[in-house]
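# Results of the structural survey
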Amino acid sequence: MGGCAGSRRRFSDSEGEETVPEPRLPLLDHQGAHWKNAVGFWLLGLCNNFSYVVMLSAAHDILSHERTSGNQSHVDPGPTPIPHNSSSRFDCNSVSTAAVLLADILPTLIIKLLAPLGLHLLPYSPRVLVSGICAAGSFVLVAFSHSVGTSLCGVVFASISSGLGEVTFLSLTAFYPRAVISWWSSGTGGAGLLGALSYLGLTQAGLSPQQTLLSMLGIPALLLASYFLLLTSPEAQDPGGEEEAESAARQPLVGTEAPESKPGSSSSLSLRERWTVFKVRMLAGFELLFFRNTSLSHAQQYRWYQMLYQAGVFASRSSLRCCRIRFTWALALLQCLNLAFLLADVWFGFLPSIYLVFLIILYEGLLGGAAYVNTFHNIALETSDEHREFAMAATCISDTLGISLSGLLALPLHDFLCQLS
């Protein structure tokens, strides 16, 4: 970390004698460090999830339009859709947008599953560099793609960037005050809103998707600048924190012995909290909520669904200081009820207006964002300091696994529903 490189050590005598400790930082310096870290983690959350969200927002475009040899953009702002299944009331693509969701999440899942085995060999700085490079590569590859396969390869790069970054930065929060968790969560919510809104707004304004994606190349650069230039050394927060952070980055996330739990907290936490993040996501089925009695095209409807969902996520992930929820399992239950309700509407088509769906999707985003931030906040409160880094990295696996399963289930469900007249 750039801020760590130039930090002062508290122990410098070569013979091991303790030097006189440095005086405590003045209040203004302490507040300055607090806000630098708060803004730093917010920007890291924003930049880390940005490419992931943009690829989801572009999912319908990636799969539903022809590629022509003379077209430098993988989709025009207002293209003529291919009549994949004109007999279906859902205006289906030949391939579900769940294919993009899977390409956007499976590499992340693999990274999180393999992280305990080998990620400890890399310190934090090289991980962040790889994450930034992959994010930039995803934008370039999709922007200049002429085929679905190449575009999906770009989506995979976005997934690698997001997955590696999430494991890295959530683990890094263990060496900073607990407050940075809420800032990180708010930043990830901001990525959802700004990513979906920027793709929707720029394409609606007349930019080609190629120009839109290339204009987002500043986001990976901001990620690197936030980590290397903005964050302060962990040493400023906790004596020995810098050395602890760098050494912990090289330690296996899973040791030879299972970590001991706090009595009455960690063991129950792993069952209760992980159920909350192991929930079915509805993003893969949004494309089937298609309304013909509106001026919005199918692609525009899908982009609005994504933007409203991410707006709800951003609002609730930023609400930890105002509202904290201990029984997060209730949020998962409400999400399941939402899923059942919208599936019933897809089947029976009883909702008369797309604006009712807009409200439901916004509500779903509020539930999802609240579940995320409160789950990680509760973990931070209920795990011991030495186990918090492992708990943060391990718990985010269940969230990714839930999204992956939703994508896998959405593929056959999409084909079944599209066969209905």
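Rules used in this analysis
- Residues numbered from 1 in each chain as written.
- Predicted model: local features only at pLDDT ≥ 70, side-chain atom pairs only at ≥ 80, totals over all residues.
- Heavy atoms only, no water.
- UniProt positions renumbered as here; feature names shortened; annotations may be inferred.
- Salt bridge = Lys/Arg side-chain N within 4 Å of Asp/Glu carboxyl O.
- Helix = DSSP H or I, 4+ residues; strand = E, 2+ residues; numbered from the N terminus.
- Buried < 20%, exposed > 50% of the residue type's maximum accessible area, 1.4 Å probe, protein only.
- Core = buried A, V, L, I, M, F, W, Y, C linked by side-chain atoms within 4.5 Å.
- Contact = heavy atoms within 4.5 Å.

An unreviewed UniProt entry annotates the protein chain as Battenin originating from Pongo abelii. Its UniProt record, at the heading Sequence similarities (unreviewed entry), says of the protein chain: "Belongs to the battenin family."

Enumeration according to the criterion identifies two salt bridges in this entry. Measuring nitrogen to oxygen at the nearest pair gives 2.6 Å for the salt bridge that ties Glu382 to Arg326. Residue Glu382 is located in helix H14 (residues 354-382), and its partner Arg326 is located in the loop between helix H12 (298-317) and helix H13 (329-348); the two are separated by 56 residues in the primary sequence. Its relative accessible area of 16% is what places Glu382 among the buried residues.

Right, let's talk about the UniProt feature "transmembrane region" (unreviewed entry) in the protein chain for a bit. According to UniProt, the feature "transmembrane region" (unreviewed entry) maps to residues 98-122, 128-145, 152-175, 181-200, 212-230, 327-348 and 354-373 in the numbering used here. Helix makes up 89% of residues 128-145 and strand 0%, whereas the separation of the span's terminal C-alpha atoms amounts to 26 Å. Helix makes up 84% of residues 212-230 and strand 0%, and the two end C-alpha atoms of the span are 27 Å apart.

Another aspect to go through is the nonpolar core. A general tendency of soluble globular proteins is for nonpolar side chains to be buried together. Membership of the largest hydrophobic core comes to 48 residues, with the highest contact counts inside it found for Phe41, Leu44, Leu172, Tyr227 and Phe376. For this core, the element with the most residues is helix H6 (residues 148-172), which contributes seven residues. Not counting the four nearest positions on each side in its chain, Phe376 is found in contact with Leu170, Ile181, Met392, Thr395 and Cys396. In this structure, Leu56, Leu193, Ala311 and Val357 belong to the second largest nonpolar core, which totals 29 residues.

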